[in-house]
Amino acid sequence: MEKEILKLLKSNKDVYLSGAKISVQLKVSRTAVWKVIKKLKEQGYNIQSVSSKGYRLIENEQRLNNSELALIIEKYDFIDKSFYYDEIDSTNDILKRESKKYDFKNLLAVSSKQTKGKGRLGRVWESDNGLYMSYLLRPDISPIDAPLFTQIGAAAIVETFNEISDIDVKIKWPNDIVINGKKICGILTELNAELNKINYIVLGIGVNLNQVGFSDELESIATSYKIETGKDLKLRDFLEVFLKKFDILLKEFLNEKNIENTLNICRNKSIIIGKEVNIINANNVRKVEVININEKGQLLVINENGEEEAVFYGEVSIRGIDKLYI
Ligand code: BT5
């Protein structure tokens, strides 16, 4: 009912809709309509009520809320339930907690601010004024293939930027989306599995949207959509395009076992193929030449002994020798 009324208000954004009209259209009493409107207002919707005219929705440009997010995900069968937060510790962590309540379900969490945003290996992800989202899924695939979700996420992010802007983002394998050597998005894929069975995967993506600056240590290595274009971007505008792109690539992989389109995007947009890079694993640094991304999404390199070698994700961190990419 909440969703239906919201839909009606949204499709009649600039006009007043009378309570009588809504109640006839949805076949409910006017009191029921009034109660739902009251609830929506409590959730933060800016709904103007004028007694002689009815109700009108004034949209909040930057933020989302639960009902609105529920409307957005309605057309996607790869998400069973969604959660929106103006502020949360970490969208990855909240989904891990929620997953205990919603067994067997695929969940999406979205936030515009994180107080404990995480990068890989316990690093901090600065999370204010961007889009922070996590998707928890329980795919019936081998745990070995789990890192492919990072690539699916990266490819969908590239496609999203391509659709909504002229900025040409690139991928620094496996999980950084960069522009002019500065990071605009990072991906953290966490796996909970037994030896040959995945319990769940959480794919977490942080996109810098409307930040006008970063902390001193990030200033020279981070950028945002706003810094690059001078324009603000609504959370929901990015999210809607992202979900559309992600849906296609995710289904190709899960339903057709086809990862080629994803990997081709990652190859075409790679900033490290053809370059010499340092592979850092614990304290061990090796200089290798990157030749490609193989069909399993691993990095194909010529190692220090001149041999071809596939490098797995998770066990390495890459720093380009070219200081642009550090
Ligand atoms: C990442 O780690 O790039 C993964 C970031 C994943 C964040 C998402 S947000 C939604 C979900 N919930 C979470 O709690 N996390 C995920 P890594 O490759 O380890 O890079 C981390 C490094 O990037 C830091 O050490 C900083 O140098 C830099 N960094 C931190 N915040 C940044 C930001 N907002 N923009 C650009 N660079 C940043």
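Conventions used here
- Residues numbered from 1 in each chain as written.
- Predicted model: local features only at pLDDT ≥ 70, side-chain atom pairs only at ≥ 80, totals over all residues.
- Heavy atoms only, no water.
- Near = heavy atom within 4 Å.
- Polar contact = N/O pair within 3.5 Å; in protein donor to acceptor, adjacent residues only side chain to side chain.
- Areas by Shrake-Rupley, 256 points an atom, 1.4 Å probe, with all protein chains shown as cover.
- Helix = DSSP H or I, 4+ residues; strand = E, 2+ residues; numbered from the N terminus.
- Nonpolar A, V, L, I, M, F, W, Y, C, P; charged D, E, K, R; others polar.
- Axes fitted to C-alpha atoms, helices over the stretch in contact; angles between N-to-C directions.
- Parallel < 35°, antiparallel > 145°, perpendicular 65-115°, else oblique.
- Left-handed = near helix turned anticlockwise from the far one by under 90°.
- Contact = heavy atoms within 4.5 Å.
- Salt bridge = Lys/Arg side-chain N within 4 Å of Asp/Glu carboxyl O.
- Buried < 20%, exposed > 50% of the residue type's maximum accessible area, 1.4 Å probe, protein only.
- Core = buried A, V, L, I, M, F, W, Y, C linked by side-chain atoms within 4.5 Å.
- Domains from an automatic or database assignment.
- Buried area = accessible area lost by both parts, 1.4 Å probe.
- Pairing = 2+ DSSP bridges.

## Some remarks on the site of the ligand
Inference 1: Lining the immediate environment of the ligand, one finds 28 residues, of which Ser90, Lys118, Arg123, Lys183 and Asn208 sit closest.
Inference 2: Between the ligand and the protein, one listed contact pairs an oxygen atom with a side-chain N or O atom of Arg123 at 2.4 Å.
Inference 3: Between Lys183 and the ligand, the recorded distance is 2.8 Å, taken from a side-chain N or O atom to an oxygen atom.
Inference 4: In isolation the ligand offers 790 Å² of accessible surface; the protein chains occlude 92% of this area.
Inference 5: For the shell around the ligand, the secondary structure elements donating two or more residues are helix H5 (91–99), strand S5 (128–137), strand S8 (182–193) and strand S9 (198–207).
Inference 6: At four residues, S8 tops the list of elements feeding residues into the shell around the ligand.
Inference 7: Its residues assigned to classes, the shell around the ligand shows 10 nonpolar, 12 polar and six charged.

## With respect to the packing of helix H1 (residues 2–11) against helix H2 (residues 19–26)
Inference 1: For the pair H1 and H2, the least separation of the axes is 11 Å and the interaxial angle reads 125°. In terms of orientation, H1 lies oblique with respect to H2. When the axes of H1 and H2 are compared, the crossing they make is right-handed. Contact residues: Glu4, Ile5 and Leu8 in H1; Ile22, Gln25 and Leu26 in H2.
Inference 2: In terms of residue class, the contact of H1 with H2 is made up of four nonpolar, one polar and one charged.

## Observations concerning the pattern of salt bridges
Inference 1: Within the structure shown, the criterion is met by 25 salt bridges.
Inference 2: Measuring nitrogen to oxygen at the nearest pair gives 2.8 Å for the salt bridge that ties Lys245 to Glu163. With Lys245 in helix H8 (residues 235–256) and Glu163 in helix H6 (residues 148–164), this residue pair connects regions lying 82 residues apart in the sequence.
Inference 3: Looking at Lys245, the relative accessible area reads 16%, which means it is buried.
Inference 4: Judged by relative accessible area, which is 40%, Glu163 ranks as partly exposed.
Inference 5: A salt bridge links Glu309 to Arg286; the nearest nitrogen and oxygen atoms lie 2.7 Å apart. Note that Glu309 is positioned in strand S13 (residues 308–311) and Arg286 in strand S11 (residues 284–293), a separation of 23 residues in sequence.

## Quick look at the packing of H1 against helix H4 (residues 66–73)
Inference 1: Running from N to C, H1 and H4 cross one another at 85°; their axes reach a closest spacing of 10 Å. Taken together, the axes of H1 and H4 are roughly perpendicular relative to one another. Where H1 abuts H4, its residues Glu2, Lys3, Leu6, Lys7 and Lys10 lie against Ser67, Glu68, Ala70 and Leu71.

## Thoughts on the nonpolar core
Here is a general trend for soluble globular proteins: nonpolar side chains tend to be buried in one another's company.
Inference 1: With 66 residues, the main nonpolar core has Val110 and Ile157 as its most contacted residues.
Inference 2: Of the residues that make up this core, three or more belong to each of domain 2 (66–268) and domain 3 (276–320).
Inference 3: Setting aside its immediate chain neighbours within four residues, Ile157 contacts Met133, Ile177, Cys185, Ile205, Val207, Phe238 and Phe242.
Inference 4: Membership of the second largest hydrophobic core comes to 15 residues, among which are Leu6, Leu17, Val36 and Ile47.

## A few points about the domain arrangement of the protein chain
Frequently, the measure chosen for interface size is the accessible area that the parts lose on association.
Inference 1: Looking at the protein chain, the domain boundaries give domain 1 (2–57), domain 2 (66–268) and domain 3 (276–320).
Inference 2: Each of domain 2 and domain 3 has a C-alpha centre, and these two points are 24 Å apart.
Inference 3: Here domain 2 meets domain 3 over a buried area of about 1,100 Å², counting both sides, of which 63% is carbon and sulfur.
Inference 4: For the pair domain 2 and domain 3, the interface holds zero salt bridges.
Inference 5: Remark: the boundary between domain 2 and domain 3 carries three residue pairs in polar contact (both at pLDDT 80 or more).
Inference 6: Within the residue set of the side of domain 2 that touches domain 3, elements represented by two or more residues are H6 and helix H9 (260–268).
Inference 7: When residues of the side of domain 2 that touches domain 3 are assigned to their parent elements, the largest contribution, three residues, is made by H9.

## So, the pairing of S9
Inference 1: With nine of 10 residues buried, S9 is to be regarded as a mostly interior element.
Inference 2: Where S5 meets S9, seven bridges bridge the pair, whose relative direction is antiparallel. Within S9, the residue paired with Leu137 across the bridge is Ile201.

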